[in-house]
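This is what each chain is made of:
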Amino acid sequence: MTALLIDRIGELVTNEPGGRDPLAIRRDAAVVAVDGAIAWIGPAGGAPACDVRVDAANRAVIPGFVDSHTHLVFAGDRSGEFAARMAGERYTGGGIRRTVATTNAAPDTELSANLAYLHRELIRQGTTTVEIKSGYGLGVDEEARLLRIARTVTPETTFLGAHLVPDSYLDRPDAYVELVCGPMLDACAPHARWVDAFCERGAFDADQCRAVLTAGAAQGLLPRLHANQLGAGPGVRLGVELGAAAVDHCTYLSDVDIDALAGGATVATLLPGVEFATRSPYPPARRLLDAGATVALATDCNPGSSFTSSIPFCIALAVREMHLTPAEALWSATAGGAAALRRTDVGTVTTGASADLVVLDAPSHVHLAYRPGVPLVHTVVSNGEIAYQQGIQ
Ligand code: NIG
Ligand code: FE
């Protein structure tokens, strides 16, 4: 049994549900983790002795970030595409094919090394739960390989065979959808928890996405959807109708889409790194929140539309560009991400929850948006163990 104590916490963000303040902040607190779970929360200086003691020295402590949308298994670089966009080119999603080619040409060892590097990058920035999608294989064995590799770092893996129609099926997209719903799903389902599709003009239409999500659900996978990223469309409403845990992007929303999200159990996952890196309008986050929808914030870390692994950067964008309060943005990147993954054991600091905590090098969570671009992560505790300490590990 290993017990870890974080003592002398100036501001503890717990996200404990039920109160008037969604962050449910406690002051001058301490937290004890035993065997990976939070065992005790109480006043600073009042905790029992533990094997390991972290002195927060009046800093703020928050739940580890829950990044509910990434594409971390890939090879190759698309910085040229980014530079061209900044010079005026439009993002269409077509560059996905370039990453499919470089990824499929890379050996497992290269993909695993790239993944380990990016995963470490996430942890250093305070992310303790991450979802990872396939989608850069677009073949039966290729997609299964990406999921097998993703599974080595997280149980939150998503089958995204319906990311784009690959070159070899361009003249018969429905045959590709049949492949995705049949042999590809059979090969991938054992390695995935979720099924996803890119519902967008130029990718897959509503009927094709419905077929993929329904086939996935029949094999026990839970649905989620890329929707309304490049333009208005049926994706959000389809996701709500199919009971998706989340619809992601939500850049272009109608009033009907917002009503559907406000009235349903589907989380709206916003990915402002995409709008930043594709120079697109930001999603109507304020309208979503004011209508009562649950909002999550995630990075969408991928080599094309958003190559950032930094939730703090996304929080800063959400506050500055989408008019979330710092508290709303932090909640969305922790408890909101947990809701998008249908998890109750992460995204909060409550007894019994997974002991995933971040000590910020700041007195308040507001600094996450107030000091953009500054590395504010002091210590990361993941599953009750120190996973990162500034200047040490
Ligand atoms: O979430 N929207 C589709 N897929 C990714 C982009 C992938 C890429 O451009 O490589 C996304 O933005
Ligand atoms: Fe994505």
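Residues numbered from 1 in each chain as written. Chains lettered and ligands numbered in written order. Predicted model: local features only at pLDDT ≥ 70, side-chain atom pairs only at ≥ 80, totals over all residues.

### Describing the overall build of the protein chain
When helices and strands are tallied, the protein chain shows 14 helices and 18 strands. Taking 393 residues into account, the globule formula puts the C-alpha radius of gyration at 21 Å, and the protein chain, at 20 Å, falls close to it. Along the first, second and third principal axes, the C-alpha atoms of the protein chain reach 70 × 45 × 45 Å. Sorting the 393 residues of the protein chain into buried and exposed places 55% on the buried side. (Helix = DSSP H or I, 4+ residues; strand = E, 2+ residues; numbered from the N terminus. Rg over C-alpha atoms; globule rule 2.2 N^0.38 Å. Buried ≥ 20, exposed ≤ 12 C-beta atoms within 10 Å, placed from the backbone.)

### Description of the nonpolar core
Ile6, Val31, Val61, Val73, Val212, Ile315 and Ala318 are the most contacted members of the largest nonpolar core, which has 131 residues in total. The leading source of residues in this core is helix α11 (residues 311-322), at nine residues. Summarising the domain contributions, this core has at least three residues from each of domain 1 (3-64 + 348-389) and domain 2 (66-340). (Core = buried A, V, L, I, M, F, W, Y, C linked by C-beta atoms within 7 Å. Domains from an automatic or database assignment.)

### Considering unusual backbone geometry
Of note in this structure, Arg8 is not a glycine but carries a positive phi near 55°. Among the structural elements, Arg8 can be located in strand β1 (residues 3-12). One non-glycine residue with positive phi stands out, namely Asp35, at about 50°. Among the structural elements, Asp35 can be located in the loop between β2 (26-34) and β3 (37-43). In this structure Asp35 comes out as exposed when scored by C-beta crowding, with 12 C-beta atoms within 10 Å.

### Describing helix α5 (residues 173-188)
In this model α5 runs just 20 Å from its N-terminal to its C-terminal C-alpha over 16 residues, more than 12% under the 22 Å that 1.5 Å per residue would give. Buried residues belonging to α5 abut α4 (140-151), β9 (157-162) and α6 (206-218). (Expected span 1.5 Å × (residues − 1). Contact = placed C-beta atoms within 7 Å.)

### Digging into the environment of Val73
One can find Val73 in the loop between β6 (65-67) and α1 (79-86). For the pair formed by Val73 and Ala150, sequence separation is 77 residues and the distance between their alpha carbons is 6.6 Å. If sequence neighbours within four positions are ignored, Val73 has contacts with Leu111, Leu115, Ile132, Ser134, Tyr136, Leu146, Ile149 and Ala150.

### Some words on the pairing of strand β14 (residues 267-270)
Residue alternation in β14 divides its side chains into two sets, Val267 and Thr269 and Ala268 and Leu270, and both sets are buried. With three bridges connecting them, strand β13 (residues 246-249) and β14 associate as parallel partners. Within β14, the residue paired with Ala246 across the bridge is Val267. In this region the chain leaves β13, passes through helix α8 (residues 255-263) and returns to the parallel neighbour β14; the handedness of that crossover is right-handed. Pairing between β14 and strand β15 (residues 295-297): three bridges, direction parallel. Considered in β15, the bridge of Leu270 is made with Leu297. (Pairing = 2+ DSSP bridges. Right-handed = clockwise from strand over helix to strand, strands pointing away.)

### As for the domain arrangement of the protein chain
Where the parts come together, the accessible area they lose is often given as the size of the interface. Taken as a whole, the protein chain is organised into domain 1 (3-64 + 348-389) and domain 2 (66-340). Placing the centre of domain 1 and that of domain 2 at their C-alpha centroids yields a distance of 29 Å. With 21 residues of domain 1 in contact, the opposing surface of domain 2 contributes 20 residues. For the side of domain 1 that touches domain 2, the secondary structure elements donating two or more residues are β5 (60-63), α14 (367-370), β17 (377-382) and β18 (385-389). Counting residues per element, the side of domain 1 that touches domain 2 draws most heavily on β17, which supplies three residues.

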